[in-house]
Amino acid sequence: MTTSPNSDDGKFLSDTVWNYGAFALMAGVGVILNFFIAAVMGITALGVFNQIYAVFVVVGQLAAMGIHDSAQKHTAEYIADDKECAILGAASVITAAIIGGIVALVLYLCSDLIGRVADSEPVGRGIALIAPGIGLFALNKTFMGILNGQRRMRAFAAVQSLRVTVILAFCLVVGFMDGDASTLGFAFTLAEALLTPVLWFLTRPPLGLVAIKDIGAVFGWLVRHVHFGTRALANGFLAESYIRIDIIMLGYFLDDAKVGIYSFAALFVEGLFQVPVVIRTVANPILVTLLKDRNYAKIAAFARRAALGSVIVYAAAGASVMMTLPYLATFFPDGLVHSAHDLLWPLLTGLAVYAVFIPFDHMLLQAGMPGRQSALMAFNVLINVCLNAALIPVFGLFGAAIATAVSFALSSISVNIAAAIFLGFSRSLFWPPSLERNKDV
C-alpha cells in the first residue's frame with residue numbers, strides 16, 4: 001500500500017532528495033559535456049552533438065508513445081495486486097519493445113535524409129548511430145515507469161545517474177581520441193544498451209509472476225496501454241520538444257558552427273528551465289488533491305507561495321550564470337562565451353516570466369483534462385515554431401533568442417487563460433473565483 005504524496009510523507013521527501021541528487025548530477029554532466037566538446041572538439045562538433053541530442057529527445061518521446069505513462073499510472077493503481085501488476089507490466093514492456101523497434105528502424109532508414117535536410121553529413125551519421133538507442137530508450141522508459149509506479153525512486157534516481165555517467169564517459173573518450181563528432185551519437189545507444197539489463201533485473205521479480213495462461217490478460221492490457229499511451233503522447237512529446245524548438249529550427253536555417261554557438265547558450269537555458277520544473281514535480285500531487293476538493297482559495301494561496309519560491313530560486317540561479325559566464329571565456333574558442341552571453345539576456349528574461357507559472361503549467365492534467373492539457377501545449381509549441389520561423393531568417397541567432405523569449409512569456413499568459421476557461425479562476429491562478437463561479441473540476 002502506497003502513502004500519500006504530501007509534504008508530511010517522509011518517503012515522499014526522501015524520494016525527492018534522491019531525485020534532486022540525480023538531477024544535480026545530470027545537470028553537472030550536461031555542463032561538463034558541452035564545455036568539453038566546445039573546448040576540445042570545437043564549436044562545429046558542439047552543434048552536431050546538440051542536433052543529434054535534440055533528435056534523440058524528440059524522437060524518443062514518439063518511440064515511447066506514452067506507454068511509460070500508462071505503466072506508471074496503472075502500476076501505482078494496482079500496487080496492492082502483485083499478479084495484476086505483473087501482467088500489466090509485462091504487457092507494457094512488450095508494447096514498448098514493438099513500438100520502439102518500429103520507430104528506431106524508421107529513424108535509421110531516414111537518417112541520411114535528415115542529414116541532407118540539416119545540410120550536415122555528420123548529423124545524418126550521428127542519427128544512424130542513435131537509432132538503436134531510440135528503441136532501447138522506449139523500452140527502458142517503460143521499465144522506469146514501472147519503478148516510478150512502485151515508488152522505488154531511489155532505484156529510479158540511480159538509473160538516471162548511471163545513464164548520464166555512461167554518456168559522459170564515452171564522449172570524453174571520443175574527444176580525447178580525436179574522434180569524429182558524429183561518433184558522439186553512439187553514446188546514447190551505449191547508455192541505453194547498458195541500462196536495459198539493469199532495469200530488467202530491477203523489475204524482474206514482479207514480471208516473473210506472469211505465466212503462459214495469462215496471455216489473454218496480457219493482450220488485454222496491451223490494448224489498454226496503447227489506448228492510454230496515444231492519448232498521453234501529445235503532451236509529453238510537445239513538452240519535451242518545446243524547449244528545443246529553437247535549436248532544431250536553427251539546424252535548418254543556419255550552419256553547424258552557428259548552431260553550436262546558440263546551443264552553448266541554450267545549455268544554460270535548459271538547465272535553468274529545470275529549476276521550476278522540479279517544483280512542478282513536487283507540486284503536482286498537491287494540486288491533484290486541491291483540485292479534487294475544488295478548494296480554489298487554497299489553490300490560489302498555494303500557487304502564490306510556490307510561484308514566489310520558483311522565482312527566487314530561478315533568479316538566484318540565473319544571476320549566478322550571468323555573472324560567472326564571462327570568466328569562462330579564456331577556456332573556450334574566441335567569441336563563443338561573449339556571443340552566448342549576449343543571447344542569454346533575452347532568453348533568461350523571457351524564462352523569468354514563465355518561471356512564475358511553470359510549477360502549474362500541467363494543472364489541466366492534474367485536473368483530469370489530458371486532452372485540454374495537450375491542446376494547451378500544442379498551442380504553446382505552435383507559437384514558438386511560428387515565431388522562430390519568422391525571426392530566424394531575418395535576425396539569425398538573435399532572432400531565435402527573441403522568438404523563444406517571447407514564446408515563454410506568451411506561455412505564461414496561456415496557462416492563466418486556460419485556468420480561467422477550464423477551471424473557473426478569475427484573473428489568474430493567484431486569485432480564486434467568486435463563489436458563484438465555482439465549478440466542478
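Structure's up top.
Residues numbered from 1 in each chain as written. Predicted model: local features only at pLDDT ≥ 70, side-chain atom pairs only at ≥ 80, totals over all residues. Heavy atoms only, no water.

1. Concerning helix α11 (residues 296–324)
For α11, built from 29 residues, the straight-helix expectation of 42 Å at 1.5 Å per residue is met to within 8% by its first-to-last C-alpha distance of 41 Å. For α11, the set of buried residues is Y296, I299, A300, F302, A303, A306, A307, S310, Y314, G318, V321 and M322. (Helix = DSSP H or I, 4+ residues; strand = E, 2+ residues; numbered from the N terminus. Expected span 1.5 Å × (residues − 1). Buried < 20%, exposed > 50% of the residue type's maximum accessible area, 1.4 Å probe, protein only.)

2. A closer look at the nonpolar core
Judged by nonpolar contacts, the single largest core of 86 residues is most densely connected at Y262, F264, L344 and L351. Ranked by residue count, the leading element in this core is helix α10 (residues 256–292), at 12 residues. Not counting the four nearest positions on each side in its chain, Y262 is found in contact with D246, I247, L250, L343, L347, L397, A400, A401 and T404. In terms of nonpolar packing, the next biggest core, distinct from the first, is built from 25 residues, A303, L364, L376 and F425 among them. (Core = buried A, V, L, I, M, F, W, Y, C linked by side-chain atoms within 4.5 Å. Contact = heavy atoms within 4.5 Å.)

3. A few points about the packing of helix α12 (residues 336–355) against helix α14 (residues 370–423)
Look at α12 against α14: their axes get within 7 Å of each other, and the N-to-C directions meet at 10°. One finds that α12 runs roughly parallel with respect to α14. Touching D342, L343, P346, L347, G350, L351, V353 and Y354 of α12 are L397, F398, A401, I402, T404, A405, F408, A409, S411 and S412, all from α14. Its residues assigned to classes, the contact of α12 with α14 shows 13 nonpolar, four polar and one charged. (Axes fitted to C-alpha atoms, helices over the stretch in contact; angles between N-to-C directions. Parallel < 35°, antiparallel > 145°, perpendicular 65-115°, else oblique. Nonpolar A, V, L, I, M, F, W, Y, C, P; charged D, E, K, R; others polar.)

4. Some points on the pattern of salt bridges
Side-chain pairs of opposite charge can arise whenever the charged atoms involved come near each other. Under the defined criterion, the tally for this structure stands at four salt bridges. A salt bridge links R116 to D112, with the nearest nitrogen and oxygen atoms 2.3 Å apart. Placement of both R116 and D112 in helix α4 (residues 82–117) is noted, with a separation of four residues, approximately one turn of the helix. Taking the shortest distance from any N to any O, the salt bridge between R125 and D180 comes out at 3.0 Å. Taken together, the positions of R125 in helix α5 (residues 121–149) and D180 in the loop between α6 (153–176) and α7 (186–207) put the pair 55 residues apart, joining distant regions of the chain. Among the residues examined, R125 registers a relative accessible area of 34% and is labelled partly exposed. Salt bridges here are not isolated pairs; linked through shared partners, they connect E121, R125 and D180. (Salt bridge = Lys/Arg side-chain N within 4 Å of Asp/Glu carboxyl O.)

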